[in-house]
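Residues per chain, in single letters:
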Amino acid sequence: MSGVILKNLIKSYDGKKNVIDNINLEINDKEFVVLVGSSGCGKSTILRLIAGLEDITSGDITIGENLVNNVHPKDRDIAFVFQSYALYPHLSVYDNIAFGLKMRKYDAKTIKDKVYEVAKALNLEDLLNRKPKQLSGGQRQRVALGRAIVRNPKVFLMDEPLSNLDANLRVHMRSEIKRLHNKLKTTFIYVTHDQTEALTMGDRIVVLDKGKIQQFDTPDVIYNRPCNKFVAGFIGQMNFIDVNVENQCFEIEGHRFKTDKTVSGLVTIGIRAEKMITGDVKIQVAPEITEMTGGERIIYFSLNSNKCCAKVPMDYKIGETVELKISVDDMYFFNNESGEVI
Ligand SMILES: Nc1ncnc2c1ncn2[C@@H]1O[C@H](COP(=O)(O)OP(=O)(O)OP(=O)(O)O)[C@@H](O)[C@H]1O
Ligand SMILES: [Mg+2]
């Protein structure tokens, strides 16, 4: 059993500000958990703390059955894949993959067998004699993965491993890594700032902001039942519209809506960009900008003076005005001050 448990985890670099601010997280054995959040929210720091590359300020880290607070990184039985791959430039692909095994004094036959097994799994068999600089980004990425999996670690930590790849290769490697996870049946903790990566790869997603967990749940729940405005805005494209609710009624651009929620006063309404033309109340807006994104179009406009956007099909009628169709059933209600969902 190799779950990872973080208990009251705090990290401060300067003794003043907690960049990791009391994180509690229970990751199950064999689970694929994605940490997502904007730049500087503490994603890499959490991985580095789990790996032991950074000392914790307070709290506990348990890997499997073992409290590892004071365990040396090399004895934690984890493998780390970095954004930069960190391959040894002077070593061949074979030696890069074999490196960790040689350090651990495996015998030559075992090393060879393991390297070939991994090379086969990652389709690197024809590249074993090359140096890293003779490889494409995607190939280097696979070598870095190979070097990590060859040791059979209990836990994989991956810090934005796909961010150096072009868009197509990234999509391809996403499914490769998922396949690897299904095959290895090991715990994966994967960091990204890309919401699509988080939604497509994670069994569960941790949404972080300023060193704190905002929500930890399945992609479905994170997307459909965000717990606050931050999560709703970070995952997917959501519009936020300020309204004043009286007797459970409010107006958007002069159109009246009624909610059965017991709310009153200033409230922020959330509605997803793809739900702007699927409801029953028609609102005419004048788009300020329209963007072609390939299969669909995004139009930008204002509602109650809030900047909003809608995803519409390419053949949607775009003229001086555009017809939105919104429904109160697709709206989320957020506390105007705390941002908590109502
Ligand atoms: N060695 C360090 N000394 C001081 N502050 C640090 C150090 N490493 C990170 N920080 C700070 O801790 C915070 C979290 O950094 P971290 O690298 O974990 O962010 P991140 O979520 O991985 O961001 P990114 O998406 O940009 O990689 C940031 O404010 C960063 O400036
Ligand atoms: Mg980082």
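Refer to the structure presented above.
Residues numbered from 1 in each chain as written. Chains lettered and ligands numbered in written order. Predicted model: local features only at pLDDT ≥ 70, side-chain atom pairs only at ≥ 80, totals over all residues.

## Thoughts on the overall build of the protein chain
For the protein chain, the count of helices and strands is eight helices and 20 strands. Projected onto its principal axes, the C-alpha coordinates of the protein chain cover approximately 75 × 45 × 35 Å. The buried share among the 342 residues of the protein chain stands at 35%. Across the protein chain, every contact between residues at least 6 apart in sequence was considered, and the portion connecting residues at least 24 apart equals 65%. (Helix = DSSP H or I, 4+ residues; strand = E, 2+ residues; numbered from the N terminus. Buried ≥ 20, exposed ≤ 12 C-beta atoms within 10 Å, placed from the backbone. Contact = placed C-beta atoms within 7 Å.)

## Digging into the packing of helix H2 (residues 93–103) against helix H4 (residues 137–149)
Where H2 contacts H4, the axes come no closer than 7 Å and their chain directions differ by 30°. With respect to H4, the axis of H2 lies roughly parallel. In this structure, the crossing between H2 and H4 has a hand that is right-handed. On the side of H2, the interface is formed by Val93, Asn96, Ile97, Phe99 and Gly100, while H4 contributes Val143, Gly146 and Arg147. Across the contact of H2 with H4, the residue classes tally to four nonpolar, three polar and one charged. (Axes fitted to C-alpha atoms, helices over the stretch in contact; angles between N-to-C directions. Parallel < 35°, antiparallel > 145°, perpendicular 65-115°, else oblique. Left-handed = near helix turned anticlockwise from the far one by under 90°. Nonpolar A, V, L, I, M, F, W, Y, C, P; charged D, E, K, R; others polar.)

## Notes on the packing of H2 against helix H3 (residues 108–121)
Running from N to C, H2 and H3 point in directions that differ by 130°, and their axes come no closer than 10 Å. In this view, H2 runs oblique relative to H3, as classed from their interaxial angle. Once H2 is placed against H3, the crossing between them reads as right-handed. The residues of H3 that touch H2, namely those facing Tyr94, Ile97, Ala98, Leu101 and Lys102, are Ile111, Lys114, Val115, Val118 and Ala119. Looking at the contact of H2 with H3 residue by residue, the class counts come to eight nonpolar, no polar and two charged.

## Observations regarding the site of ligand 1
Neighbouring residues of ligand 1: Tyr13, Val19, Gly37, Ser39, Gly40, Cys41, Gly42, Lys43, Ser44, Thr45 and His193. Tallying contributions element by element places helix H1 (residues 43–51) first for the shell around ligand 1, with three residues. Within the shell around ligand 1, the residues separate by chemical class into three nonpolar, seven polar and one charged. (Near = placed C-beta within 6 Å.)

## A look at the pairing of strand S17 (residues 296–303)
Note: strand S16 (residues 289–292) against S17, four bridges, orientation antiparallel. Bridge pairing in S17 links Met292 to Arg297. Hairpin remark: S17 followed by strand S18 (residues 306–313), antiparallel, with two residues in the connecting loop; positive phi at Asn304, about 50°. (Pairing = 2+ DSSP bridges.)

## Points about the pairing of strand S1 (residues 4–12)
Bridge count for S1 against strand S4 (residues 58–63) is five bridges, and the pairing is antiparallel. Residue pairing across strands places Leu6 opposite Ile61, the latter belonging to S4. The pairing of S1 with strand S2 (residues 18–27) spans seven bridges and is antiparallel. Bridge pairing in S2 links Ile5 to Glu26. Here S1 hands over to S2 after five residues, with Gly15 in that stretch at a positive phi of 75°.

## Structural notes on the environment of Ile283
If you trace the backbone, Ile283 turns up in strand S15 (residues 281–285). Taking the C-alpha atoms as reference points, Ile283 and Glu31, 252 residues apart in sequence, are found 45 Å from one another.

## Some words on the sheet that holds strand S6 (residues 78–81)
The strand order across the open sheet built from six strands is S6-S7-S8-S3-S9-S10, with neighbouring strands paired in mixed fashion. Every other strand in the sheet has two partners, leaving S6 and strand S10 (212–217) as the edge strands with one partner each. On average, each strand axis in the sheet is inclined to that of its neighbour by 15°, with strand direction left out of account. Pairing of S6 with strand S7 (residues 155–159), which is carried by four bridges, proceeds in the parallel orientation. The residue bridging Ile78 from the neighbouring strand is Val155, located in S7.

## Points about the sheet that holds S4
Read from one edge of the open sheet, four strands run S2-S1-S4-S5, paired in antiparallel fashion. Lying at the two open borders of the sheet, with one neighbouring strand each, are S2 and strand S5 (66–67). Relative to S5, S4 runs antiparallel, the two sharing two bridges. Within S5, the residue paired with Ile63 across the bridge is Asn66. The strands that H1 touches are S1, S2 and S4; relative to S2, the one it contacts most, it runs at about 65°.

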